[in-house]
Amino acid sequence: MQLPPAMSQRAREFTGPPAPARPAATVVLLRPDDHNGFEVYVLRRASTMVFGGVYAFPGGVVDPSDQPSTIHDDWSERLGVPDEQARAVVGAAARELFEEAGILLAGPLSEPDRTVTSTGTDDWEADRAAVQRRELTMTDLLARRGLRLRDDLLLPWARWITPDFEPRRYDTWFFVALLPGAQTARDVSGEADETAWIKPGTGGLTMLPPTRRTLDEIAAFRTIPDVVAASAHRDAATPLNPRIEVGADGQVTVHLPSTTRP
């Protein structure tokens, strides 16, 4: 896979050592379409952002406040890190989805199978903005509204680490989630200049290699239930490290590791 010109230049000039990779999380949000298939929500990062101009999924770095109570107690095993860090990664995935798309994976404490039906009102928007400004933690928001995190709706898919040559590197867990009924994804973060629902096989959009690989993998499935079933066999604990090759002519190629698991 070829890299964008600016990334290729950084790869040619890199002499090391690599920067530390910060923990991060991103969410591949799915919704049914009119033909028994599904669409994926993507946003194009604003030019002022890291990796500006490329299409991505909602996501960002793990914050120290990302420590929610979870339904599952095996996230450490599923994500390959100690329990406290694993819960922080899960919390970051839910928070970033709320911050960047207005989607909240949470439901009433008394009704564990339900999810919040709408987050588009003024009071919800005020809370979302407060979370984004770090004036309110997701844990406090959920407690105040009598909700619990529906981490059972987050399906771990893969774990990618940014190549060594990038000055800002991330150890990113990719999750798949289904759009809750009656909620609407919307551009609220101010960090994107375009958002869209696309078919997973859509080409022609500038994406980083892990994003494109994830879409290609998901495009192999016909329905959302097929994706959900496949997620049970995914390895999101083992980091995937793209290998960069700089040819004698200066051409930079990225070789993506196989994500096929026994």
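Residues numbered from 1 in each chain as written. Predicted model: local features only at pLDDT ≥ 70, side-chain atom pairs only at ≥ 80, totals over all residues. Heavy atoms only, no water.

Enquirer: Provide a residue-level description of the environment of Pro163, including the pertinent values.
Expert: Note that Pro163 resides in the loop between β7 (155-161) and β8 (169-178). Residues Pro163 and Pro242, spaced 79 residues apart in sequence, show a C-alpha to C-alpha distance of 6.0 Å. Apart from residues lying up to four places away in sequence, Pro163 is in contact with Arg169, Pro242 and Ile244. (Helix = DSSP H or I, 4+ residues; strand = E, 2+ residues; numbered from the N terminus. Contact = heavy atoms within 4.5 Å.)

Enquirer: Which residues make up unusual backbone geometry, and what values do they have?
Expert: Cis geometry marks the peptide bond from Gly16 to Pro17, where omega comes out at -5 degrees. The topology assignment puts Pro17 in the loop between α1 (5-13) and β1 (21-32). Of note, Arg134 is a non-glycine position whose phi angle comes to about 65 degrees, a positive value. Checked against the element boundaries, Arg134 lands in the loop between α4 (122-132) and α5 (138-144). Among the residues examined, Arg134 registers a relative accessible area of 38% and is labelled partly exposed. Here Ala182, not a glycine, exhibits a phi torsion of approximately 75 degrees, which is positive. You can see Ala182 is positioned in the loop between β8 and β9 (192-198). On the basis of relative accessibility, which here comes to 61%, the residue Ala182 falls in the exposed class. (Buried < 20%, exposed > 50% of the residue type's maximum accessible area, 1.4 Å probe, protein only.)

Enquirer: Any details on the environment of Pro239? Residues and values, ideally.
Expert: Within the secondary structure, Pro239 sits in the loop between α7 (224-231) and β10 (243-246). Accessibility expressed as a relative area gives 32% for Pro239, which makes it partly exposed. Residues Pro239 and Ala229, 10 residues apart in the sequence, show an inter-C-alpha distance of 22 Å. Each residue touching Pro239, except ones within four places of it in the same chain, is listed here: Arg159 and Ile161.

Enquirer: Account for empty space enclosed by the protein, naming residues and giving values.
Expert: Summary: where empty space remains is shown by rolling a probe the size of a single water molecule over the atoms. Following the criterion strictly, the structure yields one cavity of 30 Å³ or more and no others. Taken together, Ser65, Asp66, Gln67, Pro68, Gly91, Ala94, Met138, Thr139, Leu142 and Leu149 make up the lining of the largest cavity. Those elements that place two or more of their residues in the lining of the largest cavity are α3 (83-101) and α5. Take the lining of the largest cavity: its biggest share by element is three residues, from α5. When the residues that make up the lining of the largest cavity are grouped by side-chain class, the tally is five nonpolar, four polar and one charged. (1 Å grid on protein atoms, 1.4 Å probe; cavity = no way out; pocket = protein on both sides within 12 Å on 5 of 7 lines; lining within 4 Å. Points joined across faces, edges and corners; volume = space filled by probe spheres on them. Nonpolar A, V, L, I, M, F, W, Y, C, P; charged D, E, K, R; others polar.)

Enquirer: Describe the environment of Leu153, listing the residues and the values that go with them.
Expert: The topology assignment puts Leu153 in the loop between β6 (147-149) and β7. Given the relative accessible area of 24%, Leu153 is considered partly exposed. The spatial distance from the C-alpha of Leu153 to the C-alpha of Ala94 is 9.8 Å, given a sequence separation of 59 residues. Every residue in contact with Leu153, bar those within four places of it in the chain, is listed here: Leu105, Thr115, Val176, Ala177 and Leu178.

Enquirer: An account of the side chain of Ser231 is needed here, citing residue identities and associated values.
Expert: Looking at the secondary structure, you find Ser231 in helix α7. Classification of Ser231 by relative accessible area gives buried; the value is 9%. What Ser231 contacts, discounting residues up to four positions off in sequence, is Leu155, Pro156 and Trp157.

On their own, these measurements won't tell you what the molecule is for.
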